[in-house]
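Architecture and fold: a report
This is what each chain is made of:
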Amino acid sequence: MAFALLASVPPVFGLYTSFFPVLIYSLLGTGRHLSTGTFAILSLMTGSAVERLVPEPLVGNLSGTEKEQLDAQRVGVAAAVAFGSGALMLGMFVLQLGVLSTFLSEPVVKALTSGVALHVLVSQLPSLLGLSLPRQIGCFSLFKTLAAVLTALPRSSPAELTISALSLALLVPVKELNVRFRDRLPTPIPGEVVMVLLASVLCFTSSLDTRYHVQIVGLLPGGFPQPLLPNLAELPRILADSLPIALVTFAVSASLASIYADKYSYTIDSNQELLAHGASNLISSLFSCFPNSATLATTSLLVDAGGKTQLAGLFSCIVVLSVLLWLGPFFYYLPKAVLACINISSMRQMFFQMQELPQLWHISRVDFLLQVPGLCILSYPTPLYFGTRGQFRRNLEWHLGLGEGEKETSKPDGPTVAVAEPVRVVVLDFSGVTFADAAGAREVVQVRERLASRCRDARIHLLLAQCNASVLGTLTRAGLLDRVTPDQLFVSVQDAAAYALGSLVRGSSTRSESQEALGCGK
């Protein structure tokens, strides 16, 4: 229900989206520990599409009938977005594009989800403060929302502000306790459930909705909606929203499934995951559901609770079913501010990921700038063929300082750069050279011949490291080994660098000092 507010649809449609997709994925998915349903980033993206296509009137209060018509239009748009994204993922399944999951690195996914956490936090500020503000969409919506909140801050509702503060004061410590004592607790403390019950009882007994105009969930319709094909006329308008949602759904779901598959020693089928999530979105859209995917928070909770197979999703379906059929009236007086607090507290893990940003920056800078005087490790991260052979030679000459002039050379396609320390040993890192044709192999041999005398005059020693068997075979057939001795070939870059540094400091320092300078002494 909380994520339904992010999607700009009534709360009950969050329950629908927590039932039908989970049921479908349990039958088709390959991620045993994956929990599917509403997800913050998709809800936020869907809400932006809904607000853009069906904006809420800025002036005047809507009558009951007008409100129902507005909600129906918004639900139709959200369902159409789910239908479109599901159809796109099924098309990706037909084209067998599951291989794209291999390009999803952990830092990319963490950066994506950390950015989502910031957007969710800012988007929920109006609900936390009791402000009725139109949702900002388009570029810089984050800053537009912050500006609107700061401008309207004097109009905040003290009652809803108090509810939000008390809710966060309960939810945040409970989540921290669940994490710190997960090994000692038989089951996680249901802080959200306790908060929902307390807030509903408080609002009912104190009549907060009528006395202080606190926004509440209201009536949750019982049962299920009638199956209805989304308005296909909306598809051209929502295609620009469905495509990124489909890509984000696959990116997050495939990455999360892979993490737990590696952790528990089983494999997933990326193409089958496309089918499962595509079918989940397309079929559930017939029941007025908005886009869905794997979810970080509930997946972690499912694993902590001992879930090991897709059957765990069926048990969660039973809980949602009981709410839809019997327990819905108990949520009538639930303040929407509590749902906003649940949204924010569920982002806890994503906020803490930001602590890794300095470490990632440090690692990236080391990879880019850790330089040992006299040693140059030159990586060439592209196939070596007729189209790139000239660039390979120019890059090598520039890094060796063998261009026009020794102390000052012009970087290929770049500005003039001064060479501070003469290079004595060069390690050619060929780990990124996945393919070499005859022209590229001959270029390597010819470059070696052309530079041989110049390298000897400059006392530069060339080493070749981490060259795969196929590329090395092509270079061998081109005659490279006729001019390169076996002691110039290394299995890894680290081995080559350690050997090179040992050569540089031989006679003036010990080998252990060289390893320490390289960062591999331990």
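Residues numbered from 1 in each chain as written. Predicted model: local features only at pLDDT ≥ 70, side-chain atom pairs only at ≥ 80, totals over all residues. Heavy atoms only, no water.

Moving on to the overall build of the chain. Each helix and strand counted, the chain has 23 helices and eight strands in total. The 522 residues of the chain split such that 47% are buried. By sequence separation, contacts in the chain at least 24 residues apart represent 82% of the contacts at least 6 residues apart. (Helix = DSSP H or I, 4+ residues; strand = E, 2+ residues; numbered from the N terminus. Buried < 20%, exposed > 50% of the residue type's maximum accessible area, 1.4 Å probe, protein only. Contact = heavy atoms within 4.5 Å.)

This next bit is on the environment of F20. Tracing the backbone shows F20 in helix 3 (residues 20-28). Contact partners of F20, with chain neighbours within four places excluded, come to F224, S284, F287 and C289.

On to the sheet that holds strand 8 (residues 489-490). Read from one edge to the other, the open sheet built from four strands follows the order 3-6-7-8, with strand pairing classed as parallel. Edge positions in the sheet fall to strand 3 (375-379) and strand 8, since each of these pairs with one other strand and no more. Judged from the five bridges that link them, strand 3 and strand 6 (residues 425-429) form a sheet pairing that is parallel. Bridge pairing in strand 6 places C376 opposite V426. (Pairing = 2+ DSSP bridges.)

Now for the nonpolar core. Counting 80 residues, the largest nonpolar core has V9, L334 and L339 as the members making the most contacts within it. If we skip the residues at most four places from it in the chain, L339 touches M1, A2, L5, V217 and L334. Core analysis: the second largest hydrophobic core is formed by 23 residues, L378, Y380, L396 and L428 among them. (Core = buried A, V, L, I, M, F, W, Y, C linked by side-chain atoms within 4.5 Å.)

Looking now at the environment of R155. By the secondary structure assignment, R155 is in the loop between helix 8 (141-152) and helix 9 (158-180). A residue is classified by how much of its surface remains accessible, and R155, at 56% relative accessible area, is exposed. Sequence spacing of R155 and L131 is 24 residues, and the spatial spacing of their C-alpha atoms is 7.1 Å. R155 has contacts with L131 and L133, leaving out every residue within four places of it along the chain.

Its 16 residues place the ends of helix 13 (residues 270-285) 22 Å apart at the C-alpha level, agreeing with the 22 Å of an ideal helix rising 1.5 Å per residue. In terms of burial, helix 13 is largely enclosed, as 13 of its 16 residues are buried. (Expected span 1.5 Å × (residues − 1).)

This part takes up the UniProt feature "transmembrane region" (unreviewed entry) in the chain. Feature annotation in UniProt assigns "transmembrane region" (unreviewed entry) to the following positions: residues 75-99, 111-130 and 311-334. The span residues 111-130 shows a helical share of 90% and a strand share of 0%, and its end C-alpha atoms are spaced 30 Å apart. From the first C-alpha to the last, residues 311-334 spans 30 Å; its make-up is 71% helix and 0% strand. (UniProt positions renumbered as here; feature names shortened; annotations may be inferred.)

A separate point is the pairing of strand 6. With five of five residues buried, strand 6 lies mostly within the body of the structure. Where burial is concerned, the two faces of strand 6 agree: the one with V425, V427 and D429 and the one with V426 and L428 are both buried. As paired elements, strand 6 and strand 7 (residues 461-465) share five bridges and run parallel to each other. Bridging from a neighbouring strand, D429 pairs with A465 of strand 7.

The next subject is the packing of aromatic side chains. Tallying each qualifying case throughout the model produces eight aromatic pairs. On the numbers, 5.1 Å between centres and 90° between planes, the contact of F19 with F20 is edge-to-face. Both residues of the pair, F19 and F20, belong to the buried class. Through pairs of rings, three or more aromatic residues link up here, namely F19, F20, F224 and F287. Residue placement shows R32 over the ring face of Y266; its charged tip is 4.3 Å from the ring centre. (Phe/Tyr/Trp six-rings, centres within 6.5 Å; stacked < 30°, edge-to-face > 60°. Lys NZ or Arg CZ within 6 Å of the ring centre and 35° of its normal.)

With the rule as written, the count across this model stands at six salt bridges. Here D241 and R52 are joined by a salt bridge, their closest N and O atoms 2.2 Å apart. Here R52 lies in helix 4 (residues 40-53) and D241 lies in helix 12 (residues 235-263), a separation of 189 residues in the sequence. A salt bridge links E192 to K175; its shortest N-O distance comes to 2.8 Å. Residue E192 is located in helix 10 (residues 191-206), and its partner K175 is located in helix 9; the two are separated by 17 residues in the primary sequence. (Salt bridge = Lys/Arg side-chain N within 4 Å of Asp/Glu carboxyl O.)

A separate point is unusual backbone geometry. Its identity as a non-glycine residue notwithstanding, Q96 has a phi of 55°, on the positive side. Summarising the element assignment, Q96 is placed in the loop between helix 5 (64-94) and helix 6 (106-123). Positive phi, normally seen in glycine, also occurs at S207, with a value near 50°.

Here the focus is the packing of helix 4 against helix 12. The geometry of helix 4 relative to helix 12 is characterised by a closest axis approach of 10 Å and an angle of 175° between their N-to-C directions. Considered as vectors, helix 4 and helix 12 are oriented roughly antiparallel to each other. Facing helix 4, whose interface residues are I41, L42, M45, T46, A49, R52 and L53, helix 12 presents R237, I238, D241, P244, I245, V248 and T249. Residue classes in the contact of helix 4 with helix 12 are distributed as nine nonpolar, two polar and three charged. (Axes fitted to C-alpha atoms, helices over the stretch in contact; angles between N-to-C directions. Parallel < 35°, antiparallel > 145°, perpendicular 65-115°, else oblique. Nonpolar A, V, L, I, M, F, W, Y, C, P; charged D, E, K, R; others polar.)

Mapped onto the secondary structure, T295 falls in the loop between strand 2 (293-294) and helix 14 (296-304). By relative accessible area, T295 is classed as buried at 5%. Residue contacts for T295: discarding those within four places in its chain leaves S35, T36, G37, T38, F39 and L256.

End to end, helix 10 covers 22 Å across 16 residues, agreeing with the expected 22 Å (1.5 Å per residue, within 8%). For helix 10, the set of buried residues is G191, M195, V196, A199, S200 and C203. Each buried residue of helix 10 lies within a common arc of 155° when the element is viewed along its axis, so the set occupies one face. The exposed residues of helix 10 that point more than 90 degrees off its buried face are V193, L197, L198, V201, F204 and T205. (Arc of directions from axis to C-beta.)

So, about the confidence of the model for the chain. Interpretation of this model should avoid reading the predicted coordinates in detail wherever pLDDT is low. Averaged over all residues, the pLDDT of the chain is 79; the fraction at 70 or higher stands at 81%. Least confident of the elements in the chain is strand 5 (residues 416-418), whose mean pLDDT is 36; most confident is helix 13, at 94. For the stretch residues 404-420, pLDDT sits under 50, and the model shows 24 contacts to residues farther than four places along the chain or on other chains. pLDDT under 50 marks residues 507-522. Its contacts with residues more than four places away, or in other chains, come to 17 contacts. (pLDDT = per-residue confidence, 0-100.)

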